[in-house]
Amino acid sequence: MLLKPTRLLLLGAPGSGKGTISKRLLDNFTQLKSIASGDVLRTQISNGTSIGKKAETYLKSGALVPDIIMIDLITKQLKDQNLLQSNASWLLDGFPRTFNQAEQLTKVLEANNSNLNLVVELDVNQDIILQRIESRYVHLPSGRIYNLDYNPPREPFKDDITGEPLTKRDDDTAEVFSKRLDKYNEEIKPMREYFQHLGIWHKVSGNTSDIIYPKVEKLVISDN
Ligand code: AMP
């Protein structure tokens, strides 16, 4: 139970478990809402919107979608979900991903009197991430994530809740994935410094979500 509004950013390399940690936070803190930028983009692509068409090639190649598109898209999501209010509690997963996005987001939030109060960077060994990624499957409509090795669906290749088929992300191949990791490593440093400077940055280390989750939960509770 959250006593005051929580506005949290989850940072971490692709495959570091941001989606899994988000899901557990949403299950345990029912006031929290979430926006996962990758899920928002994949929905735009599967709906064939003009943003989806623009974004598709970037996702396929593992490159970042231009900041201007991302900032508009996520600001609109925050507005549409009524999250740009000082009493709303939410987390963002996958956005911001560049220093510019971080600065622009802070401006939008400040203007709406709903500043961030917590930034958590998930620190997972990147060799382990690379080993895991080829067995990652997703349920596109919900963003639920499975891993065939250590978090398999109850029925093979079917979502536990809806029974709908699971899919492999196009960008979860070894080649595209290592490009995404390189890009993350390049972008994270200035963003980390930015949030450290604001005094809201924390790092949580561990190689499984079971190790990481309790530490994130503790931060959310102690900040509250
Ligand atoms: P994710 O599901 O968070 O791993 O994101 C999948 C892909 O969507 C990334 O590899 C990028 O191509 C794109 N993407 C997601 N979030 C962002 C963002 N904040 N900025 C730029 N591109 C993004």
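Cut-offs applied
Residues numbered from 1 in each chain as written. Predicted model: local features only at pLDDT ≥ 70, side-chain atom pairs only at ≥ 80, totals over all residues. Heavy atoms only, no water. Helix = DSSP H or I, 4+ residues; strand = E, 2+ residues; numbered from the N terminus. Buried < 20%, exposed > 50% of the residue type's maximum accessible area, 1.4 Å probe, protein only. Salt bridge = Lys/Arg side-chain N within 4 Å of Asp/Glu carboxyl O.

A.B. asks: Please clarify how unusual backbone geometry should be interpreted in this entry.
C.D. replies: Glycine aside, negative phi is the norm for most residues, and most peptide bonds take the trans geometry. Of note, the bond from Phe 95 into Pro 96 is cis; its omega dihedral lies within 30 degrees of zero at 0 degrees. By the secondary structure assignment, Pro 96 is in the loop between strand 3 (90-93) and helix 5 (99-111). The phi dihedral of Asn 82 falls on the positive side, at around 55 degrees, and the residue is not glycine. Of note, Asn 82 is situated in the loop between helix 4 (67-80) and strand 3. Positioned with a positive phi, Phe 157 is a non-glycine residue whose angle comes to about 60 degrees. Relative to the assigned elements, Phe 157 resides in the loop between strand 6 (144-147) and helix 7 (174-198). Taking the relative accessible area as the measure of exposure, Phe 157 reaches 41% and is therefore partly exposed.

A.B. asks: Just to check I follow, could you spell out the pattern of salt bridges for this structure?
C.D. replies: Where side chains of opposite charge bring their charged atoms close, a pairing between them can arise. Going through the model one piece at a time under the given rule, you end up with 17 salt bridges. Across the salt bridge formed by Arg 169 and Asp 171, the nearest N and O atoms sit 3.0 Å from each other. Asp 172 is paired through a salt bridge with Arg 180; the nearest N and O atoms lie 3.1 Å apart. Judged by relative accessible area, which is 1%, Asp 172 ranks as buried. Bridged by salt links that share partners, the residues Arg 136, Arg 169, Asp 171, Asp 172 and Arg 180 form one connected network.

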